[in-house]
Structure formats: C-alpha cells, structure tokens
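Per-entry structural report
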Amino acid sequence: MKIETSDQTAVLNPRRQLIAGTIGHSVEFFDFLAYSYLAVYFASSFFPSSESSGLVPLLSAFGVFAVGFLARPLAGLFIGLFADRYGRRRALSLTISLMAGGSLLVAVCPTYSQIGVAAPIILTVARILQGLSAGGEYTTAGAFIVESAPAGRRGFYSSFMFVASGIGKLTCLAFITVFVALIGEDAMRDYGWRIPFAVGALAAIVAWYIRRGTQETLGTTVSDEGGAAPVSRNPLNALQRYPRQSLIVFAIATGMGVGQYFWATYLTTYFQIQNGASATTAMTVGIITLILYTLAQPVAGLISDRYGRKPCMYAFGVGTVIVTPFLLSITSSNFSVLICIQLIGLLLLSLCTSITSAVMVENFPPHVRVSGLGFPYSLSVAIFGGTVPLVATSLANAVYSQYFPWYIVATAIITLVGAIAVPETFRSDISGEDS
C-alpha cells in the first residue's frame, strides 16, 4: 500500500497549517464557551426564578449547556465519517459554519418575558447547533494538525489544539471582563450578554474564510493496482474494527474532559458559589492562570516528543488524584490563594491535554481516523465533561458540594487506566494502514 496526497500539486506548509488550525479552533472555543461564562448574566432572561432557590435559573441554563454536549457524539460519528470520506478541510468548514449559526441564534434570541417557553426552546436549538459543531471540530482539527506535523513533532503540534482553546477561553474571558467593567453588571444582565455571542458569530465567519486556504491532509489510500481503497459508509465501522482503541479513547477523554471543563472553565463560577469570590476576582484569576496554562501546552508537548506520551498521562492522573481533594477543600476567597488553586490544577491538566490529539490520532489509520476517535471522544466528553457545571451546581444546590472533588478524582482514575492500556506511539508511523 502507498499513500498519495489528495492534491499532487500542493506542497504542505506545516507552519501555515498550524496557524490556520489554531486560529479556527480558537474561534470555535470562544463561541462554545461564551455560554458557560455568560450563564450567570442571561440565565434569568430565559428561565423563571424559583422562590426556593436562587440557583434555579443558573441550574436550568447549565442544563441547556449539557444538552449541547449530548449532540456531540452524533457529530463525532457523522462529521467524522464526512472528514474521512471528503477531507479534513471540508469538515472543518462545516463545523465552523454550524458554530456561527448557533452563536448568532443566541445573540438574537428573544427572552422568556417576550415569547415565553419558546425562548428556552430556541436557546436549546442554538446550543445543539454548537454541540454538533464542537463534536466534529475537536477530532477533525486534531487530525488535521497532527497530520500536518513534521516528523518527531506530533506532540508539539498536538499541544496547539489546547493552545488554541486556551486562546479562545482567554479572549472570551478578557472580552467579557472588560465589557462588564465598561457597561456594568445591570446592563450586562439586561442586554450586554448578547454582544459576545454576536462577536463570536462574526469571528466564525472570518475563521471559515481562513480555513478555505489550508491544504488537505487526508491522503488517498490506493492499492498497488491503482484502485482507491473505499471508505465505509457505515459510521460505526471504526468502532466495530477497532473496539479496543475506541475504549481507550473513551477512557482517556473522561478525566481529561472533566478536568478541562472544570479547571479551565467552570472554576470561575465555582469560586463564586463555593468560595464567595466576586465575579471580577474569579474572572481575573481565570485570565492569569489560563495564560500560564496556555504557555505550558507546547512545553508538555515537547516533553512527550522526547520521553513519550504515557509518562505525561501518568503524571496527570496520579497528580490529579492526589491534589484535587485538598485544593477544593480550601474555602478562601483570597486572590493569591485562588491563583494557586487553579494554576496547580491547570498545570497537571496540561500534561494530558497537550497530547490527547496526538495519542488518539496515532491509534487509528487514516481512513477511519476521525470517525474512529470522534464518537468515543465526543461521547465521553458529553457524559462527563459537558455535565461538570450541572453536576457541580446541582450538588451545591443540594448542599452536597463536598462530594464533587471525588467526582473529579474518579474520572482521573478512568483516564489513568486508559493511559496504562494504550500503547506507546510517539515514534509510530501514522501515514498508512499499520499506524
């Protein structure tokens, strides 16, 4: 067997591919996570308050946040199949278009007081569109970037998936923080929460245009006689042919997804609920630690290129199990203390997030790569990562918040089991059938 590129006249430029992939993925994360950061401002606009608890609107808003994740496994299957049949570039154009549509719909959606129950229904539809986008985006972009990497640098290139998400989160946090400071909390709850969604929709259109200029990385597998090897139309083909790899991807994504959506996203809300920190303090802490977290990604990626993927995943799993209960038992709202809590969690997390794309891509051959890793990854993130705000807020509402750290510990153990089971692949060939 041999591999021919889909465009014989084009010369792949790894650095240009990396920049384009990073920009597009940053915009995707800006749009997708704006919902989480803005929920405290718009929750009451879509969900009526309860006399028994002031957390009910926020809890309902995070329920819709979780709904967006439920769409991800379907997207992982069908957008993954699309990416394996028609190319990574076309699939990435599709995902960014879905994200733009979802963000725009949230930005213009009427409130509950204006159209009643139709308002949360429209919000849910918008979130489903974003979930479909996110479900196909991460795994397709991960394959695109890792396949673009020079030899011996797949871990480093893989790390830019979370450099991109870090930039997206950081930009979103900074934009919201500055915007709140400019217009005030009351105006933010009244109309200001719509602006970041509108900006995100516009940025997605720009990212779509940038992605059009990238080079396709999917090779066409051909036989020695010259006939193209067909890609199955069955979206479950990869799961049926590679069940062990699929289970490993699911396990690795479990603790990583929970860690990502807790330490890097929900923690700003958690600090406000559990530690009594102000919204401004929590947002500022998030910005500072996310900068350091983003900078740590390429370093962790380079370490994995030198010493392997498994040691990094071991360090993440063991470290998270040991430190999480202690860190989350601290109730101080002191600025420096909050910095230390979030930074420790994020630095441990970076050891796993930096290489997740590389590990997953290295375990599947090209013709089933995105569909193979897309469903188990998206399913795991939907079940565990996407429900982090809902689980944490529900426990807080029921006065059982002391149990939440053990939820994080349990999911980290699942990832540790996956790290033990996965073969070491940092020196493997990913270009053909035997990868």
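Conventions we followed
In this numbering scheme, every chain counts its residues from 1 along its sequence in written order. Local features in this predicted model are restricted to residues of pLDDT 70 or higher, and side-chain atom pairs are both shown and tallied only at a pLDDT of 80 or more, whereas totals for entire chains, interfaces and linings draw on every residue. The side-chain quantities take in all heavy atoms of the structure and omit both hydrogens and water. Where helices and strands are cited, they refer to DSSP runs of H or I of at least four residues and of E of at least two residues respectively, numbered from the N terminus. The contact rule is simple, with two residues in contact once any of their heavy atoms fall within 4.5 Å. What sets the accessible areas is the Shrake-Rupley method with a 1.4 Å probe; for residues, cover comes only from the shown protein chains. Nine residue types can take part in a nonpolar core, namely buried Ala, Val, Leu, Ile, Met, Phe, Trp, Tyr and Cys, and a core is a set of them joined through side-chain atoms within 4.5 Å. Think of it in three bands: residues with accessible area under 20% of the maximum for their type are buried, residues over 50% are exposed, and the middle band is partly exposed, with areas taken using a 1.4 Å probe on protein chains only. All axes here are fitted lines through C-alpha atoms, helices being fitted over the stretch that makes contact, and every angle between N-to-C directions spans 0 to 180 degrees. Should an angle fall under 35 degrees it is taken as roughly parallel, and over 145 as roughly antiparallel, whereas 65 to 115 is taken as roughly perpendicular and any remaining angle as oblique. Note: crossing handedness is left-handed where the near helix turns anticlockwise from the far helix by less than a right angle, and right-handed where it turns clockwise. Throughout this entry, Asp, Glu, Lys and Arg are counted as charged residues, while Ala, Val, Leu, Ile, Met, Phe, Trp, Tyr, Cys and Pro are counted as nonpolar. The remaining residues, Gly among them, count as polar. Salt bridge, as used here, is a side-chain nitrogen of Lys or Arg placed within 4 Å of a carboxyl oxygen of Asp or Glu.

Within the chain, the secondary structure is distributed over 18 helices and 2 strands. Contacts in the chain between residues at least 24 apart in sequence constitute 86% of all its contacts with a sequence separation of at least 6. If you sum the accessible surface of the chain, you get close to 16500 Å²; carbon and sulfur atoms cover 66% of it.

Formed by 102 residues in total, the largest nonpolar core has its most connected members in Leu38, Phe42, Ile176, Phe197, Phe262, Trp263 and Phe271. Per element, the largest residue contribution to this core is 14 residues, and it comes from helix 11 (residues 243-274). The residues touching Phe262, leaving out its near neighbours within four places in the chain, are Leu267, Tyr270, Leu328, Val388, Phe404 and Ile408. By size, the runner-up hydrophobic cluster in this structure holds 5 residues, among which are Val27, Ile96, Ala100 and Ala207.

This next bit is on the packing of helix 11 against helix 16 (residues 369-385). Relative to each other, helix 11 and helix 16 sit at 40°, their axes nearing to 8 Å. As far as their axial angle goes, helix 16 and helix 11 are oblique. Two packed elements cross with a definite hand, and for helix 11 against helix 16 that hand is right-handed. Contacts from Ser246, Val249, Phe250, Ala253, Thr254, Met256, Gly257, Val258 and Tyr261 in helix 11 reach Gly372, Leu373, Pro376, Tyr377, Leu379, Ser380, Val381, Ile383, Phe384 and Gly385 in helix 16. Here the contact of helix 11 with helix 16 is built from residues that sort into 13 nonpolar, 6 polar and no charged.

Side-chain pairing between opposite charges can occur once the charged atoms of the two side chains come close. Using the criterion set out here, one finds 8 salt bridges in the structure. Arg88 serves as the salt-bridge partner of Glu147, at 2.7 Å between the closest nitrogen and oxygen. Of this pair, Glu147 sits in helix 6 (residues 118-147) while Arg88 sits in helix 4 (residues 88-108), placing them 59 residues apart in sequence. The exposure classification of Glu147 matches that of Arg88, with both residues buried. For the salt bridge of Arg211 with Glu137, the shortest nitrogen-to-oxygen distance reads 2.7 Å.

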